[in-house]
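Each chain, written out:
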Amino acid sequence: MANLPARADVVIVGAGIMGAASAWYLAKRGLSVVVCEKGRVAGEQSSRNWGFVRQQGRDPAEIPLMMESNRIWRTLERELNADLEWIAGGNFVVFQTEAERATFERWQGIAAGHGLQSRLVPAAGMQQIVPGSQLGTLGGIFTETDGQAEPTKVTHALQRAAEGRGATFLTDCAVFGVETSAGRVSGVETEHGPITAPTVVLACGGWTSRMLAHLGLRFPQVWIKGSVARTTSAPPIAEVATWAGVAFRQRRDGTMNIATRSVDHDLMVESLLFGRVFLDDYRKHGHDLRLRLGRLGLSTALGRVSRAALKRELTRYRTLDPTPNHRQLDMVLGRLKQAIPAAADVRIDRAWGGYIDMTPDMLPVIDRLDSPDGLVIASGFSGHGFGMGPIVGRLVSEIVADGQPSMDLSAFRFRRFHDGGDLTSDTVI
Ligand SMILES: Cc1cc2nc3c(=O)[nH]c(=O)nc-3n(C[C@H](O)[C@H](O)[C@H](O)COP(=O)(O)OP(=O)(O)OC[C@H]3O[C@@H](n4cnc5c(N)ncnc54)[C@H](O)[C@@H]3O)c2cc1C
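We now turn to the structure provided with this report. What you see is a predicted model, and the numbers here were worked out from it, not measured in a lab. (Residues numbered from 1 in each chain as written. Predicted model: local features only at pLDDT ≥ 70, side-chain atom pairs only at ≥ 80, totals over all residues. Heavy atoms only, no water.)

### Notes on unusual backbone geometry
A negative phi holds for most residues other than glycine; trans holds for most peptide bonds. Note the cis peptide between Ser-371 and Pro-372, where omega equals 0°. Within the secondary structure, Pro-372 sits in the loop between strand 20 (365-368) and strand 21 (375-379). Unusually for a residue other than glycine, Asn-81 sits at a positive phi of about 55°. Tracing the backbone through its elements, the reader meets Asn-81 in the loop between helix 3 (63-80) and strand 4 (91-94). Residue classification places Asn-81 among the exposed residues on the basis of a relative accessible area of 70%. Even without being a glycine, Glu-85 presents a positive backbone phi close to 55°. Residue position: Glu-85 is located in the loop between helix 3 and strand 4. (Helix = DSSP H or I, 4+ residues; strand = E, 2+ residues; numbered from the N terminus. Buried < 20%, exposed > 50% of the residue type's maximum accessible area, 1.4 Å probe, protein only.)

Okay, structure coming up:
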């Protein structure tokens, strides 16, 4: 690769939303930044998600971060000079059971303690939020300040803005390992050669656990597969991103993203390695999970065995593109049509799958390690990192440039997996 820089202040591994947002904020601070991406920019989770940008239903530890992220989202199109299809239409959860209502009532009190206003909506009030809908009788909860954006646009806009400030993005450039010397980071080994850097940010989504395993660090992380469909255009329905047994949001062109919370887990070596720490998670969310033995699951086992095998995996799976669960999506379309009669004529135009990187407590790691010094991790966003992208990018830049973040990140420390920290998930959605 002719343009491989010999050195940089910061090398970021992974060009999803976390890598691109980190690059943007670091480049704005005047640091030289190189982003290495094994495939294409936003090829994995960051372009495959639903596009919900929500504070609603978050684990209490994430609420302050997400409130700050929400503030950034509101001016992000202007800041990046880009169309992100940002719609500040709120987030609405329609209760499916009484137990869910009770959980959200408790959550609403916690959110209010942080200054986040969400309101309970009686069944009779649901028409004002999603006109013409048939959403059941249990009511729901609405966070008016939430929104949505288009995943296929946001990471690229961050990339362009970062490049405008001098950052370099290298695609088809897998990082095979983080290099260390005398207990601190000295750079990375890429498939095209070495780059020297005192700071490396691992923003490599589901691959982070494997990258850390080769440094002797244990990061419990498994992949689960979500499926999403885009429908043909419907008449204007609502601007609110909604969960009502089916997740849907309508884009500016009338097409809709639809999905369900049910996910598939293709069994792989991590399922066994980390099975015990995921038990609580499984007990809570097991009804939404189906286990399968996938081809990728078997082959990724190799990636943990040796660096040579990891290299093969990183270049073989440039961009993970799992087959969506079409049966599930047909069922989702049926549910959408029941809930929204105005969408009766829509069809599925395209569908895709995406692997989500899960941690046992469904919280990410946003942390700088002591050993090796100079290693920063921003990973494990457990199916809700798109909305957090902007604030995570800013916090990573603070960790690197100021030596400490402006917000309390103790709940997101890496050591919680090793110091007996509570790994119970408090997320409501
Ligand atoms: C189906 C689905 C629905 C979702 N819905 C929502 C939602 O509505 N709202 C929300 O907030 N979040 C949602 N999420 C979650 C959100 O998409 C993710 O949390 C977020 O995109 C994670 O971003 P990331 O940058 O950490 O990871 P990724 O986007 O996965 O990026 C990581 C990148 O690192 C690269 N990489 C990995 N290893 C290496 C290496 N060794 N060398 C070079 N490059 C490497 C990968 O190729 C990849 O491009 C959803 C996710 C999915 C899959």
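### Quick notes on the sheet that holds strand 9 (residues 175-181)
Taken together, three strands build an open sheet; the order of strands is 9-10-11 and the sheet is antiparallel. Pairing within the sheet leaves two strands with one partner each, and these edge strands are strand 9 and strand 11 (193-196). Looking at each pair of strands side by side, their axes are set apart by 30° on average, direction ignored. Sheet strands in contact with helix 11 (residues 307-316) are strand 9 and strand 10 (184-190), and its direction is about 135° off that of strand 9. (Pairing = 2+ DSSP bridges. Axes fitted to C-alpha atoms, helices over the stretch in contact; angles between N-to-C directions. Contact = heavy atoms within 4.5 Å.)

### Focus: the site of the ligand
Around the ligand, the surrounding shell holds 37 residues, and the nearest of these are Glu-37, Ser-46, Phe-52, Val-175 and Gly-387. At a separation of 3.2 Å, a nitrogen atom of the ligand approaches a polar backbone atom of Trp-50. In this structure, Gly-383 approaches the ligand through a main-chain N or O atom, which is 3.2 Å from a nitrogen atom. Protein coverage of the free-state accessible area of the ligand, which is 1000 Å², stands at 98%. Going through the elements one at a time, helix 1 (17-28), helix 2 (45-48) and strand 19 (348-358) are the ones with two or more residues in the shell around the ligand. (Near = heavy atom within 4 Å. Polar contact = N/O pair within 3.5 Å; in protein donor to acceptor, adjacent residues only side chain to side chain. Areas by Shrake-Rupley, 256 points an atom, 1.4 Å probe, with all protein chains shown as cover.)

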